[in-house]
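# Chains, contacts and geometry: an overview
Residues per chain are reported as follows:
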Amino acid sequence: MASCSSSSSSSINPQCKNYDAFISFRGADTREGFVSHLYEALNRKQICTFKDENLDRGEEISPALLKTIENSLVSIVIFSEDYAFSPWCLDELVKILECQETKGQIVLPVFYQVDPTDVQELTGRFGDALAQHKEKFKEKVESWSRALTGTANISGWNSKNIKPESKLIEEIVNDVGKKLNHMFPSVYDEDGFVGIGSRVKKVESFLCLGSEDVRMVGIWGMPGIGKTTIADKVFNRIASKFEGQCFIANVREELEKRSPFQLRSEIHDKILGGENFYVSTPDTLHPFIKRSLQNRRVVIVLDNVDDYLHLTDLVGGRNLYGPGSRIIVTSRDKQVLKIADYIYEVEILMFHESLQLFSLHAFKQTHPTDGFMEQLSEKVVSHTHGLPLALKVLGCSLYGKDVTEWESELKKLESTPNKKILGILRRSYDGLDDNEKSIFLDIACFFKGEEKERVKNILDCCGFYAESGIRSLLDKSLVTIFMERLQMHDLLQQMGKDIVCEEKEPRKRSRLWNAKDIREVLAINKGARRVETILLDLSKIENMELCPSAFEKLNNLRLLKFFNPCPEEIKLHLPKGLKYLPNELRFLYWDQYPLKSLPSKFCPENLVELHMQSSQLKQLWKKDAPDLEKLKFMDLSYSEQLIKIPDLSKFPELEVTFLRGCTSLIEVSSSTKYDSKITNLDLRDRRKRCHFPSCIYLTNLVSLSFNGCSKLARLPSSLGELRCLEYLYLDGCKKLASLPNSICNLKSLKCLNIEYCVNLHGLPENLGDLESLKNLIATRSGIRKLPSSINQLKELNYLDCDGCERLNLILRPFTGLAISVLFLEGCGISEIPSNLGSLGSLTNVNLSKNNFRSIPASIKQCSKLTKLVLRDCKSLQFLPELPSSLKWLEAQNCTSLRFISSSFILRYMTSFWDLDLSKCINLDQRACSLLMFCPLLKLQCMRLPEEQYLDEKVVAMIELCWKDELCIPRSEVPEWMMYKNDNGSSLSFSLTAPHATNFIKIAFCALVAPKANHSCNFSRILCECHFIAESGDILIYCCDSTLVNINDISLWNSTITSDSKKFRKASFQFYAKTDDDDDASYISEVILKCGIHLIFDHNSEDDNNDDDDVLFQGLKERQQLEDSETIWSSYLEDYMNFCMIQCPE
């Protein structure tokens, strides 16, 4: 990964920051993909992260966003291809660097599908962007340039070196978490309140004690989260600054004992400092009291207010109090606080805070005792999800107990939560109305984690008022929404289930989820009219048989879900059939439904969603299907015996239909023209012929999938009437011979996928009419030519014709296209158009397994090209000058390749990128020698980032500041390497005159040469490095190369940093990773040779000139350089002669 990046004269105060992390990114490049996944992962780790959701950024960054950057501990900068084209992003970056220098903010760059050197050197897309900005933003370009180069010189992550993306995200999140932990050495005060300081300061910032207005601040959060504690701390800190003070604890309970008028009188007595002799009425204050209050600067705290009217009765209007007065109100209901000027939502404790608070009560210290207790403590803390009340109660209950007692309590906790905790949480539930209680219990017992909008539709059809009900639960902190899904704290969910279980008999409960209870209710069949929902995880039961009348007395059942996360076998059986399902069902989800049809008596007029995946259904109803007026979502996927579905016109509200894997389906029809609301129709993976009507009246359809429909021979001509269609998937339609011309009427179509349509030989000539088409995917299809109108597709960004063997042509010239990704592997192309350079937007090109002999010189004009793949181009004889933007070249097994251009070699000497020329057996050996010398030249030019970019708190090493890989058809370790092993996979040696260093540059070399009986392929080479310091400390570091080919040498560079140490020994062990996803392993015996070259950047005060090893190595490198110059002169002469023969003009 990456180093940390902050250090300055101003130390950072983590307690004063609103956000743990700020993500700076170019929305168009990464918002929907990488950034959204990173943001979700950070939040899952309770790392409070800011991601700007402004989709319509202008050129000027907002003051609020600048403030957000200031109030963040860490900034993660996602450098993507078009990042520098955004003035907004560049202004963000300038502010981030300013905060690093002045506030000690940590900065972590991520080079996402861009090369770090483009950012460091302002070349490629980053150079183009600054050149474009010079006309309009001349005064800013210099500061933008400094910010780009400054950030790029901070070590970070290079996305192409860490794959898959999930691993990259995991590394980023883990590193951010570690850095934040270093910044929070202790977060409890003298009274043992963990994290209280930062929360108190946030409330004080809202109070703004210096202003003269009368201000009300609300403190809002779920029960047990610390609202009262925060209010109490704030009150004690500020009370002395006011002329009158009053703190009323637990207003809700106080108002159960006396009237609001009596409590208001007590407040006035406390503020005015004595017994009040002036009598007020409930509706009117005595003038003297009113005048006295208006002349005083007062602070009032009202704790645990649960009614908006009570608040207004107790407080009155703001004009009742003197200038500068402050009112603080705590409530678990946000609506109570609607008259507040500011509302502070109390955050749950972060994990490190939770562990400290728990430890204070369980161990009477700030951390767990070592060993097993630490693991058990982390389990308890995870169970509480950062709720202070639960942490305190559980910590106290475990204090002084041994490991055996802890384990017993933990098991008990999983099934029987602590009653004291649940009792406090219960108070919020008791304050709900009946509608809100029903919604809360439905979410707790059935809908947690489901999509909010779909749940709202279902609940509305249950007669609940879902919009207002869910809003009320949100306001009361009983539910949350994350990624548009309903979520709930685990303890609140358990409370909801405990409420349901207050009825001792399962058949008398409103909601069932326990397998044993469900078996009892369905098997005994004594009547369970109170049961409204059933949720059963089939993987948790043994085989269960139900009688035909199992549901007959469940008349009020609204929601039924039998789901099987492990669908290997059917667990729920109906050997005698099923006579009845309740007509009140709104949601029916039954994995592996075992019957051929639904019960004939089932009339689901209220059904909103129907899920019957992997069922045995042949048809939904044996006879005519009823009209399902409310059905919005239907999923019958992988019901392999399903032969037909009802006429779609019977489902007028249907929006989403999944019929994937219905391999026997032969008919999908709509006999009547109607205004369909279907937006998504998924018909993939059907292997039988299926009839579709000549007219499909799905006018709102956005996505249509026929993927894997191997018997589909034609598409209806009416397809062109689907004017809203954006995505058409025909992957694997092997019988499909043509596309209707009407398809070109789809003006909204963005993606056309015809992969593996092997009988589809051509595309409509007027394909260019698809004015919105961005992606055309024809991988391994039968396409023989591309229509000339393809050059009219101005929006086309992605063209994939890999494996279209019948193209077998001289590639048609492309003109006027803004295409960035072009895949033409194995298309039999014998000549590449000379105007290839006109495709100035190309970033990724694959021309592997074709027959061309040369690449046109115009390719160097493709200034955005970063990746070029030429595998198995066995007629290719030489490589011309390539674009300076190139960062990845794969040309392995180009067996006719003899020469590469001199400019190519010169650029490779000074640039960091990956080059694979393995199995190029005829490549000039002088060119190989020159390329093998390049890693040394690059190693020598690497420099440690400036000190202010390194976090002094991070002692561990920094992974790959620079990374450069080469695989080439040679079998020897380069002569210039300091340490070699010509017969083995490891190296170990002493460093004779160790120097203090915090920056080590390393070149690695390895040859994979397995024995004849070894059949594995290999995906990477890994080296594990151990550096042993004089102090005995060991620095362990791993670095790998993804460029590996048997019997060809692999070389790669990297750097590591650590706290300054004198290293006296080093050892290195190389491994090759087998290319087997199911059983991947690292083995060392296939490494035949290996080498290591080290360069230490010594501390100047420790440096000396009498290191014999260093002097000898310097002479050796100098000799290698002289030899390389001789080789270069000889190679250049022959290369020029070759060029004269190829291009005599």
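A quick note: this is a predicted structure, and the numbers were derived from the prediction, not measured. (Residues numbered from 1 in each chain as written. Predicted model: local features only at pLDDT ≥ 70, side-chain atom pairs only at ≥ 80, totals over all residues. Heavy atoms only, no water.)

We now examine the overall build of the chain. Scanning the chain from terminus to terminus reveals 26 helices and 43 strands. Here the analysis covers contacts within the chain between residues at least 6 apart in sequence; of these, 65% occur between residues at least 24 apart. (Helix = DSSP H or I, 4+ residues; strand = E, 2+ residues; numbered from the N terminus. Contact = heavy atoms within 4.5 Å.)

The full count for this structure, using the stated rule, is 62 salt bridges. As a salt-bridge pair, lysine 785 and glutamate 765 come within 3.8 Å of each other at their nearest N and O atoms. Pair noted here: lysine 785 is in the loop between strand 26 (775-777) and strand 27 (798-800) and glutamate 765 is in the loop between strand 25 (751-753) and strand 26, with a separation of 20 residues, a long-range link. Using a relative accessible area of 46% as the deciding quantity, one classes lysine 785 as partly exposed. For glutamate 765, a relative accessible area of 45% gives the class partly exposed. Two residues, lysine 860 and glutamate 881, come together in a salt bridge whose shortest N-O distance is 3.9 Å. Highlighted residues: lysine 860 in the loop between strand 29 (844-846) and strand 30 (867-869) and glutamate 881 in the loop between strand 31 (878-879) and strand 32 (888-890), separated in sequence by 21 residues. Accessibility expressed as a relative area gives 44% for lysine 860, which makes it partly exposed. Since its relative accessible area comes to 38%, glutamate 881 is described here as partly exposed. (Salt bridge = Lys/Arg side-chain N within 4 Å of Asp/Glu carboxyl O. Buried < 20%, exposed > 50% of the residue type's maximum accessible area, 1.4 Å probe, protein only.)

The N-to-C vectors of helix 24 (residues 902-910) and helix 25 (residues 925-941) enclose an angle of 25°; their axes lie 8 Å apart at closest approach. One way to sum up the angle between helix 24 and helix 25 is to call them roughly parallel. In this structure, helix 24 crosses over helix 25, and the sense of that crossing is right-handed. Packed against helix 24, whose contacting residues are Ile905, Tyr908 and Met909, the element helix 25 presents Ala927, Leu930, Leu931, Cys934, Leu937 and Lys938 at the interface. Looking at the contact of helix 24 with helix 25, its residues break down into 8 nonpolar, no polar and 1 charged. (Axes fitted to C-alpha atoms, helices over the stretch in contact; angles between N-to-C directions. Parallel < 35°, antiparallel > 145°, perpendicular 65-115°, else oblique. Left-handed = near helix turned anticlockwise from the far one by under 90°. Nonpolar A, V, L, I, M, F, W, Y, C, P; charged D, E, K, R; others polar.)

In a soluble, globular protein the nonpolar side chains are often hidden away together inside. Counting residues in hydrophobic clusters, the biggest one holds 151 residues, and the most contacted among them are Phe551, Trp590, Leu730 and Leu870. Ranked by residues supplied to this core, first place goes to helix 25 with 9 residues. Residues in contact with tryptophan 590, not counting those within four places in the same chain, are Phe551, Leu560, Phe562, Leu572, Leu574, Leu578, Leu581, His611, Met612 and Gln613. Counting 81 residues, the second-largest nonpolar core is a separate cluster that includes Leu357, Cys445, Leu474 and Leu486. (Core = buried A, V, L, I, M, F, W, Y, C linked by side-chain atoms within 4.5 Å.)

Counting through the fold element by element, serine 145 comes out in helix 6 (residues 138-152). Once you skip the residues sitting within four places of it in the chain, serine 145 turns out to touch Leu122 and Leu130.

In the segment running from lysine 163 into proline 164, the intervening peptide bond is cis, with an omega of 0°. A positive phi angle is found at lysine 849, which is not glycine, with a value near 60°. Turning to its location among the elements, lysine 849 is positioned in the loop between strand 29 and strand 30. For lysine 849, a relative accessible area of 46% puts it in the partly exposed group.

Further remarks concern the packing of aromatic side chains. Under the definition given, this model contains 34 aromatic pairs. Relative to tryptophan 406, the ring of phenylalanine 358 lies with its centre 5.8 Å away and its plane at 80°, an arrangement referred to as edge-to-face. Note that phenylalanine 358 is positioned in helix 14 (residues 351-362) and tryptophan 406 in helix 17 (residues 403-415), a separation of 48 residues in sequence. With relative accessibility at 0%, the residue phenylalanine 358 sits in the buried group. Among the aromatic residues, those joined into a cluster by ring pairs are Tyr979, Phe989, Phe1027, Phe1063 and Phe1068. Stacked on the ring of tyrosine 399, the Lys or Arg lysine 364 has its end atom at 4.7 Å from the ring centre. Sitting over the face of the ring of phenylalanine 633, arginine 454 holds its NZ or CZ atom 4.4 Å from the ring centroid. (Phe/Tyr/Trp six-rings, centres within 6.5 Å; stacked < 30°, edge-to-face > 60°. Lys NZ or Arg CZ within 6 Å of the ring centre and 35° of its normal.)

This part covers the sheet that holds strand 7 (residues 244-248). Overall, parallel pairing links the 5 strands, which are arranged 7-8-9-6-10 in an open sheet. Among the strands making up the open sheet, the edge pair consists of strand 7 and strand 10 (342-345). Mean inter-strand twist for the sheet, computed between neighbouring axes without regard to direction, equals 10°. The sheet contacts of helix 11 (residues 260-272) involve strand 7 and strand 8 (298-302), and relative to strand 7 the element is tilted by about 145°. (Pairing = 2+ DSSP bridges.)

On the secondary structure map, proline 883 appears in the loop between strand 31 and strand 32. Residue proline 883 is classed as buried on the basis of its relative accessible area, which comes to 1%. Distance from proline 883 to glycine 837, taken between C-alpha atoms, is 9.9 Å for residues 46 residues apart in sequence. When residues no more than four places from it in sequence are discounted, the contact partners of proline 883 are Ile859, Lys860, Cys862, Leu865 and Arg907.

On to the environment of tyrosine 342, then. Position of tyrosine 342 relative to the elements: it lies in strand 10. Using a relative accessible area of 34% as the deciding quantity, one classes tyrosine 342 as partly exposed. A sequence separation of 14 residues divides tyrosine 342 from isoleucine 328, and the C-alpha atoms of the two residues are 9.9 Å apart.

Here aspartate 591 lies in the loop between strand 18 (587-590) and strand 19 (609-611). Dropping the residues within four chain positions of it, aspartate 591 is found in contact with Leu538, Phe562, Phe563, Asn564 and Gln613.

Attention now moves to the pairing of strand 40 (residues 1034-1041). Two strands pair when backbone bridges link them, and strand 39 (residues 1018-1029) and strand 40 are joined in this way by 8 bridges, in the antiparallel orientation. Directly across from isoleucine 1021, in strand 40, lies its bridge partner serine 1041. Taken together, strand 39 and the strand that follows it, strand 40, pair antiparallel across an intervening segment of 4 residues, in which glycine 1032 is found at a positive phi of about 100°.

The α-helix winds at 3.6 residues per turn, so residues separated by three or four positions along the chain end up facing the same way. Of the positions making up helix 13 (residues 308-315), those classed as buried are Leu311, Leu314 and Val315. Axial view of helix 13: buried residues confined to an arc of 85°, hence all on one face. Phi turns positive, to about 75°, at glycine 316, one or two residues after helix 13. (Arc of directions from axis to C-beta.)

Turning next to the environment of leucine 773. Relative to the assigned elements, leucine 773 resides in the loop between strand 25 and strand 26. For leucine 773, a relative accessible area of 0% corresponds to the buried category. For the pair formed by leucine 773 and leucine 752, sequence separation is 21 residues and the distance between their alpha carbons is 7.6 Å. With residues up to four places along the chain from it excluded, the contact list for leucine 773 reads Leu749, Lys750, Cys751, Leu752, Leu793, Glu795 and Leu796.

Taking strand neighbours across the sheet as the criterion, the 5 strands line up as 2-1-3-4-5 in an open arrangement whose pairing is parallel. At either margin of the open sheet sits one strand with a lone partner, and together these are strand 2 (49-51) and strand 5 (157-158). Pairing of strand 1 (residues 19-24) with strand 2, which is carried by 3 bridges, proceeds in the parallel orientation. For isoleucine 23, the partnering residue across the bridge sits in strand 2 and is lysine 51.

In this model, the chain carries a mean pLDDT of 83, and residues with pLDDT of at least 70 account for 85%. Under a pLDDT of 50 for its full length, residues 945-961 has, in the predicted model, 65 contacts with residues more than four places off or in other chains. (pLDDT = per-residue confidence, 0-100.)

One way to put it is that helix 2 (residues 63-70) packs onto helix 3 (residues 87-103) with a least axis distance of 9 Å and a crossing angle of 35°. In this structure, helix 2 meets helix 3 at a crossing whose hand is right-handed. Listed contacts from helix 3 to Leu65, Leu66, Ile69 and Glu70 of helix 2 are Trp88, Glu92, Lys95, Ile96, Cys99 and Lys103. Residues belonging to the contact of helix 2 with helix 3 are distributed by class as follows: 6 nonpolar, no polar and 4 charged.

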